[in-house]
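# Fold and contact review
So the chains spell out like this:
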Amino acid sequence: MKPSIQSKLDRLAERLVELTQLLSSGDATADMENYRRITREHAEITPVVELYHSFQLAEQDLKTAQDMLSDPEMKEFAEEEAQNARERLAQIELDLQKRLLPKDPNDERNIFLEVRAGTGGDESALFAGDLFRMYTRYAERQRWQVEVLSESPGEMGGYKEVIAKIIGQGAYSRLKFESGGHRVQRVPATETQGRIHTSACTVAVMPEADEVAEVVLNPADLRIDTFRASGAGGQHINKTDSAIRITHLPTGIVVECQDDRSQHKNKAQAMSVLAARIMDIQLRERQSKEAATRKSLIGSGDRSERIRTYNFPQGRVTDHRINLTLYKIEQIMDGDLDDLVGALMSEHQAEMLASLSEGN
C-alpha cells in the first residue's frame with residue numbers, strides 16, 4: 001500500500017475514535033445540528049476504518065505465515081496461508097482505494113433532464129420522445145418521481161424539446177453520463193422506400209441547485225416575461241397569463257415554464273431550471289479544465305460529442321466512449337439501462353483510480 005494512502009487511513013482511524021468519544025459524551029445532543037453532522041461523518045468513516053482493520057489483520061496473517069516458512073513441517077501449510085493472505089490484501093487494498101475516491105458532491109441530488117430534437121426533422125422529434133420515455137421508464141424502475149416542466153411537441157409526435165425534473169436518491173450519480181449527442185439509425189414510420197435514416201438528439205442532465213443559493217441570481221440580470229400558455233392544457237390554462245419565460249441576460253439562457261396553472265409555481269420551477277443550467281455551465285468548465293490535464297473518457301461534459309448510437313435494424317446500442325455494444329435495444333428503450341449505467345460508472349471509477357495512482 002502506498003504510504004500516502006496508509007497515512008490517510010491512519011488519520012481516519014484516529015478521527016473515528018474522536019467521533020465515537022464525542023457521540024458517547026453526555027452533552028452530545030445539546031446541539032442537534034452538530035450531532036447530526038458528527039453522526040453522518042461517523043457513518044461515512046466507519047466502513048472504511050473497518051476495512052482498514054481487515055487489511056491490517058491480513059498483513060499480520062501474512063507475517064505469521066512467512067515466519068512459519070522456516071519450519072519444514074509447516075512449510076506447505078504456511079505457503080498456502082501466505083498466498084491466501086496476499087490475495088485478501090490485494091482485494092482489500094482495491095476496495096479501500098475505491099472507498100477513498102473523492103465523492104461527487106452532486107451525486108445524491110435530483111436532476112433536471114432536457115431532451116432536444118436535433119438534425120432529422122420529424123424523425124428526430126419522434127426519437128426525442130422515445131429517449132424521454134426510456135428515461136421515464138428507467139426512473140419508474142428506480143421508484144423515482146418524474147415531473148414534466150416544459151414540453152414542445154413535434155408535429156408528427158414526440159418532442160422538439162422536453163424538460164423534466166427527476167426526484168430520487170442518487171438520480172444524478174446514475175444519469176450524469178447521459179449528457180451528450182444521441183444518434184438513431186432506423187427506418188422512420190414516414191419512410192415509404194424502407195431506407196434507413198440517421199437523426200440525432202441532445203440530452204442534458206443537470207443536478208438541481210440547492211435552495212441555499214449555490215447560484216446567486218441578481219434580479220437585475222433577469223428579464224421575466226409572462227404569456228398565455230399554449231398546447232394541451234384545457235380551456236382554463238389559456239385564459240390567464242400563467243406561463244413564464246425568464247431570460248438570464250449575462251449568459252443569454254432562456255427558460256420557459258408553462259405546465260402549471262399557477263404563475264407563481266411556473267416562475268419557481270423556471271428559476272430552479274435556470275439555476276441548474278448556470279451551475280451546469282460552471283461544472284462543465286471545471287470538467288474541461290480537468291480533462292485538459294488528464295484524458296477523461298466519459299466525464300468531459302461536452303454536449304456536442306456524440307456519445308451513443310441506437311441502431312434499430314441491427315438491434316444494437318453502442319456507447320462510443322467506452323466501446324460498449326449491447327444487442328438489446330428493445331429492453332434499453334423500455335428503460336432497462338442498468339448494463340449501460342453500470343458500465344459507465346465502473347469506467348469512471350477506473351479512471352479515477354488511475355489518476356489517484358498517478359498522483360501518489
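Procedures and definitions
Residues numbered from 1 in each chain as written. Predicted model: local features only at pLDDT ≥ 70, side-chain atom pairs only at ≥ 80, totals over all residues. Heavy atoms only, no water. Pairing = 2+ DSSP bridges. Helix = DSSP H or I, 4+ residues; strand = E, 2+ residues; numbered from the N terminus. pLDDT = per-residue confidence, 0-100. Contact = heavy atoms within 4.5 Å. Phe/Tyr/Trp six-rings, centres within 6.5 Å; stacked < 30°, edge-to-face > 60°. Buried < 20%, exposed > 50% of the residue type's maximum accessible area, 1.4 Å probe, protein only. Salt bridge = Lys/Arg side-chain N within 4 Å of Asp/Glu carboxyl O.

### Describing the pairing of strand 2 (residues 145–153)
Here eight bridges tie strand 2 to strand 3 (residues 159–167), and the two strands are oriented antiparallel to one another. Bridge pairing links Glu 151 to Val 162 in strand 3. Where strand 2 hands over to strand 3, the hairpin turn is made up of five residues, of which Gly 157 adopts a positive phi near 120°.

### Quick look at the confidence of the model for the protein chain
Reading fine detail from the predicted coordinates is not recommended where pLDDT is low. Across the protein chain, the average pLDDT comes to 85, with 88% of residues at or above 70. Per-element confidence in the protein chain ranges from a low mean pLDDT of 42 for helix 6 (residues 234–237) to a high of 97 for helix 8 (residues 329–333). Ignoring residues within four places in sequence, the model shows residues 232–238, a span with pLDDT below 50, making nine contacts including any to other chains.

### Quick look at the environment of Tyr 327
Along the chain, the position of Tyr 327 falls in the loop between strand 11 (324–326) and helix 8. It is 6.5 Å that separates the C-alpha atoms of Tyr 327 and Val 317, two residues lying ten residues apart in sequence. Ignoring anything within four residues of it in the chain, the contact list for Tyr 327 reads Gln 314, Gly 315 and Arg 316.

### Quick notes on the packing of aromatic side chains
With the rule as written, the count across this model stands at three aromatic pairs. Measuring from centroid to centroid gives 5.7 Å for Phe 132 and Tyr 159, while their planes differ by 85°, and the two rings are edge-to-face. Residue Phe 132 is located in helix 4 (residues 121–141), and its partner Tyr 159 is located in strand 3; the two are separated by 27 residues in the primary sequence. Residue Tyr 159 is classed as buried on the basis of its relative accessible area, which comes to 17%.

### Structural notes on the pattern of salt bridges
In total, this model carries 24 salt bridges according to the counting rule given. Here Lys 63 and Asp 67 are joined by a salt bridge, their closest N and O atoms 3.5 Å apart. Of this pair, Lys 63 and Asp 67 both sit in helix 2 (residues 32–68), separated by four residues, roughly a single helical turn. Overall, Lys 63 belongs to the partly exposed group, its relative accessible area being 47%. Linking Asp 338 and Arg 174 is a salt bridge whose minimum nitrogen-to-oxygen distance equals 3.9 Å. Within this pair, whereas Asp 338 is found in helix 9 (residues 338–358), its partner Arg 174 is found in helix 5 (residues 171–175), the two being separated by 164 residues in sequence.

### So, the environment of Ala 243
By the secondary structure assignment, Ala 243 is in strand 7 (residues 243–248). Taking the C-alpha atoms as reference, Ala 243 lies 5.9 Å from Cys 257; in sequence the two are 14 residues apart.

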